[in-house]
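Structural characterization, general
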Amino acid sequence: MTKGLNRYYGAHDLHFITWSCYRRQPLLGTAALRDLLLTILEEVRRKYRFVVHGYVVMPEHVHLLITEPEGGDPSVVMKVVKQAFTRRAEKRHRRQSEAQGQLWELATDHVWQKRFYDFNVWSERKRIEKLRYMHRNPVKRRLVEQPDQWKWSSFRAYSYGERGTLRVNFQEWAVEIKSLPREKFGSGRVQSHPLIRKERE
């Protein structure tokens, strides 16, 4: 655990998550690796049941705007995504030429920074602000001239209704409404699970 790093889960906020490659190296600098990350994110989205509101995959970092997962929490999701990507990327590069494999091996122990940044988004204004920030990121970094030219973001899903590898604003599972036991008025029972739970990664 890192001192002073707090996670706030259980309030049904959206989570604006940012994580980076080790030492901000452009380890996601190829289309193939960015595609691989989006494939893994979609698999994890379905497994842990969360809705993706927006995303952008940059060469050295990723932004993701999601609901709280129905299974686990954002910390669990991040751990699974990072580990799955590292394993599959290593396997893919082992199959490639010896020279490429040697280059990758220099970074295999440290593909990702250990931590991630998580900002609770509690208002529609903040949601739009974060989406605009993500979609403008490739333009600001001069990777493309227009947001719709960057394949690895949710911009085209919003602008053109395109269905990309990672589904945006999509939920294919039924919402489970959990029934609570009836209590008599004045029973004095204290709720065992508070609405807001403070956790650390």
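Refer to the structure above for everything that follows.
Right, let's walk through the structure included here. Keep in mind that this is a model prediction, so the values were computed, not measured. (Residues numbered from 1 in each chain as written. Predicted model: local features only at pLDDT ≥ 70, side-chain atom pairs only at ≥ 80, totals over all residues. Heavy atoms only, no water.)

**What to know about the pairing of strand E3 (residues 52-57)**
Quick note on the threshold: The buried label applies to any residue whose accessible area, calculated with a 1.4 Å probe on protein chains only, is under 20% of its type's maximum; exposed applies above 50%, and partly exposed to all values in between. Helix and strand assignments come from DSSP, with helices taken as H or I runs of at least 4 residues and strands as E runs of at least 2, each series counted from the N terminus. Strands were regarded as paired on the criterion that DSSP finds at least two bridges between them.
Counting buried positions along E3 gives 6 out of 6 residues, so the element sits mostly inside the fold. The hairpin formed by E3 and strand E4 (residues 61-66) contains 3 residues between the paired strands.

**What about the pattern of salt bridges?**
In plain terms, the rule: For this analysis, a salt bridge means a side-chain nitrogen from Lys or Arg found within 4 Å of a carboxyl oxygen belonging to Asp or Glu.
The final tally for this structure, using the stated rule, is 11 salt bridges. Put simply, Lys151 and Asp35 hold a salt bridge, and the shortest N to O gap is 3.7 Å. Here Asp35 lies in helix H1 (residues 31-48) and Lys151 lies in the loop between helix H4 (124-140) and helix H5 (155-160), a separation of 116 residues in the sequence. A residue is classified by how much of its surface remains accessible, and Lys151, at 51% relative accessible area, is exposed.

**Quick look at the environment of Lys47**
Note on placement: Lys47 falls in helix H1. What makes Lys47 exposed here is its relative accessible area of 57%. When the C-alpha positions of Lys47 and Val77 are compared, they lie 9.6 Å apart, and in sequence the two are 30 residues distant.

**Re the side chain of Ser154**
We apply this condition: Here a residue-residue contact requires only that any non-hydrogen atoms of the pair lie within 4.5 Å.
Inspection of the secondary structure puts Ser154 in the loop between H4 and H5. We classify Ser154 as buried; its relative accessible area is 1%. Setting aside chain neighbours within four positions, we find Ser154 in contact with Gly54, Tyr55, Leu131, His135 and Val168.

**Here's the deal with the packing of aromatic side chains**
The condition that has to hold: Planes of paired rings set the category: under 30 degrees apart is stacked, over 60 is edge-to-face and the rest tilted, where pairs are Phe, Tyr or Trp rings (Trp by its six-membered ring) whose centres lie within 6.5 Å. For a lysine, the NZ atom is tested; for an arginine, the CZ atom; a charge sits over a ring if that atom is within 6 Å of the ring centre and within 35 degrees of the ring normal.
Per the stated rule, a full pass over the model turns up 5 aromatic pairs. By the ring-pair criterion, three or more aromatic residues cluster together here, those being Trp19, Phe85 and Trp112. Here the basic side chain of Lys130 rests over the ring of Phe119, its NZ or CZ set 4.5 Å away from the ring centre. For the cation-ring pair, Arg167 lies above Phe170, with the distance from its terminal atom to the ring centre recorded as 3.6 Å.

**So, helix H2 (residues 74-94)**
How we decide: The length a helix should cover is 1.5 Å for every residue beyond the first. Two N or O atoms count as a polar contact when they lie within 3.5 Å, although within protein this holds only if one can serve as hydrogen donor and the other as acceptor, and sequence-adjacent residues are included solely when both atoms are side-chain atoms.
An ideal rise of 1.5 Å per residue puts 30 Å on 21 residues; H2 measures up with 30 Å between its terminal C-alpha atoms. Pro74, Ser75, Val77, Met78, Val81, Lys82, Ala84, Phe85, Thr86, Ala89, Glu90 and His93 are the residues of H2 that are buried. Capping the start of H2, Asp73 holds a side-chain oxygen 3.0 Å from the backbone nitrogen of Ser75, two or three residues further along.

**Structural notes on the packing of H1 against H2**
Cut-off, in case you're wondering: The axes used here are C-alpha line fits, helices contributing only the stretch in contact, and every angle between their N-to-C directions lies in the interval 0 to 180 degrees. Roughly parallel means an angle under 35 degrees; roughly antiparallel, over 145; roughly perpendicular, 65 to 115; everything else is oblique. Should the near helix be turned counterclockwise from the far one by less than a right angle, the crossing is left-handed, whereas a clockwise turn marks it as right-handed.
Relative orientation of the contacting elements H1 and H2 amounts to 140 degrees, with a least axis distance of 10 Å. By the criterion of interaxial angle, the relationship of H1 to H2 is oblique. Crossing of H1 against H2: the hand is right-handed. On H2, the residues touching Ala32, Leu33, Leu36, Leu37, Thr39, Ile40, Leu41, Glu43, Val44 and Tyr48 of H1 are Val76, Val77, Val80, Val81, Ala84, Phe85, Arg88, Ala89, Arg92 and His93.

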